[in-house]
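Next come the chains, spelled out residue by residue.
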Amino acid sequence: GKIPYVRGAAGLNLVSEIEGAVNLTYSPQQPLRSSGEIEIRIKNLSLKESTIPLGEMGTFPLPDLGLAKGPSRIKAEIGRGSMRVEALQFKGEDFQLDLKGRIFMAPELAKYRINLQGNFQFSDKVWKIFDPLLPEPFAGELKKQAGQGGLYPISVSGQLASPQIYSSALRLYPFKPF
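Now for a quick tour of the structure. Keep in mind it's a predicted model, so treat the numbers as computed, not measured.

### Some points on the overall build of the protein
So, step 1. Secondary structure summary: the protein contains three helices and 11 strands in total.
So, step 2. Taken from N to C terminus, the helices and strands of the protein fall in the order α-β-β-β-β-β-β-β-β-α-α-β-β-β.
So, step 3. C-alpha atoms of the protein, sized along the principal axes, occupy 45 × 35 × 35 Å.
So, step 4. Per-residue burial over the protein gives 34% buried out of 178 residues.
So, step 5. Restricting the contact set of the protein to residue pairs at least 6 apart, pairs at least 24 apart contribute 49%.
So, step 6. Summed over its atoms, the accessible surface of the protein is roughly 10900 Å², and 55% of this surface lies on carbon and sulfur atoms.
So, step 7. Counting 22 positive and 17 negative side-chain charges, the protein places the averaged centre of each group 6 Å from the other.

See the structure below:
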């Protein structure tokens, strides 16, 4: 269904059809002893035409985008102080992401450590959105990272409160173009 919180908070008009199960044993006093499994299937996740508020800079329009559809999924196993992410896959017409790895738990959620690797891909429609926004040296360098089939390598690491995202050696987040 529709996700009204995301629309209200970020201006994004997301529509979803998601099913699955989350079986979790969690203790706030001892989060490192949590255990369980996550298996979520995403039949559809799409962004309908939206406008993102940018404060003093005005607004930024986004077109309809297909972010995920079957066989997109999230599959993870939690135990012994970590979450083994077997699949974090979004396979849409305009966006693809495939990550695997581990998330190491900590007493505070903000201090969870991420170690995920995989690849991503944008459609031409998404590149048309990003091209005018990205400084030319950065956009050119990012496009050089494309590998076989137009897939870009991606790694997500660091603490949950301050992750770092790279495509090969190029830092995507926090964003600091050259």
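Once you've had a look at it, read on.
### Here we look at the layout of surface pockets
So, step 1. The space that makes up the largest pocket amounts to roughly 1100 Å³.
So, step 2. Class assignment of the residues belonging to the lining of the largest pocket gives a composition of 31 nonpolar, no polar and one charged.

### Considerations on the sheet that holds strand 7 (residues 95–104)
So, step 1. Pairing is antiparallel across the open sheet formed by nine strands, whose spatial order is 1-2-5-6-7-8-9-10-11. Both edges of this open sheet fall to strand 1 (13–25) and strand 11 (170–173), since each of them pairs with a single strand only. Direction aside, the axes of adjacent strands within the sheet are offset by 15 degrees on average.
So, step 2. Strand direction decides the pairing type here: strand 10 (residues 162–167) and strand 11, joined by three bridges, are antiparallel. When the sheet's bridge partners are listed, I165 is paired in strand 11 with Y173.
So, step 3. In the packing of helix 3 (residues 136–144) onto the sheet, contacts are made with strand 8 (113–122), strand 9 (152–159), strand 10 and strand 11, and the angle to strand 11 comes to roughly 110 degrees.

### Topic: the environment of P153
So, step 1. Note on placement: P153 falls in strand 9.
So, step 2. With near-sequence residues (within four places) excluded, P153 lies in contact with G118, N119, F120, Q145, Y166, S167 and S168.

### Here we look at the pattern of salt bridges
So, step 1. As enumerated under the stated definition, the model contains nine salt bridges in all.
So, step 2. Here K43 ties to E19 by a salt bridge, and the two come within 3.3 Å at their closest N and O atoms. You can see K43 sitting in strand 2 (residues 35–48) and its partner E19 sitting in strand 1, a full 24 residues away along the chain.
So, step 3. The class for E19 is partly exposed, based on a relative accessible area of 34%.
So, step 4. K125 serves as the salt-bridge partner of D94, at 3.9 Å between the closest nitrogen and oxygen. Of the two residues, D94 sits in the loop between strand 6 (82–91) and strand 7 while K125 sits in helix 2 (residues 124–130), which places them 31 residues apart along the sequence.

### Considering a nonpolar patch on the surface
So, step 1. A grouping of V22, L24 and Y26 is seen on the molecular surface, where their side chains present a nonpolar patch of about 300 Å² in accessible area.
So, step 2. Position of Y26 among the secondary structure elements: in the loop between strand 1 and strand 2.
So, step 3. Relative accessible area serves as the criterion here: at 45%, Y26 is assigned to the partly exposed category.

### Overview of the side chain of S34
So, step 1. Locating S34 in the fold gives a position in the loop between strand 1 and strand 2.
So, step 2. For S34, a relative accessible area of 1% translates into the label buried.
So, step 3. Of note is the side chain of S34, whose polar atom sits 2.7 Å from the backbone oxygen of P31.

### Re unusual backbone geometry
So, step 1. In the segment running from G70 into P71, the intervening peptide bond is cis, with an omega of 10 degrees.
So, step 2. As for its placement among the helices and strands, P71 is situated in strand 5 (residues 65–79).
So, step 3. Here the amide bond leading from Y173 into P174 is cis, since omega sits at -5 degrees, within 30 degrees of zero.
So, step 4. Following the sequence through the fold, P174 ends up in the segment after strand 11.

About the criteria used
Residues numbered from 1 in each chain as written. Predicted model: local features only at pLDDT ≥ 70, side-chain atom pairs only at ≥ 80, totals over all residues. Heavy atoms only, no water. Helix = DSSP H or I, 4+ residues; strand = E, 2+ residues; numbered from the N terminus. Buried < 20%, exposed > 50% of the residue type's maximum accessible area, 1.4 Å probe, protein only. Contact = heavy atoms within 4.5 Å. Areas by Shrake-Rupley, 256 points an atom, 1.4 Å probe, with all protein chains shown as cover. Lys, Arg positive; Asp, Glu negative; His and termini not counted. Charge placed at Lys NZ, Arg CZ, Asp CG, Glu CD. 1 Å grid on protein atoms, 1.4 Å probe; cavity = no way out; pocket = protein on both sides within 12 Å on 5 of 7 lines; lining within 4 Å. Points joined across faces, edges and corners; volume = space filled by probe spheres on them. Nonpolar A, V, L, I, M, F, W, Y, C, P; charged D, E, K, R; others polar. Pairing = 2+ DSSP bridges. Axes fitted to C-alpha atoms, helices over the stretch in contact; angles between N-to-C directions. Salt bridge = Lys/Arg side-chain N within 4 Å of Asp/Glu carboxyl O. Patch = residues over 30% accessible without salt bridge, like charges linked within 9 Å, V, L, I, M, F, W, Y side chains within 5 Å. Polar contact = N/O pair within 3.5 Å; in protein donor to acceptor, adjacent residues only side chain to side chain.

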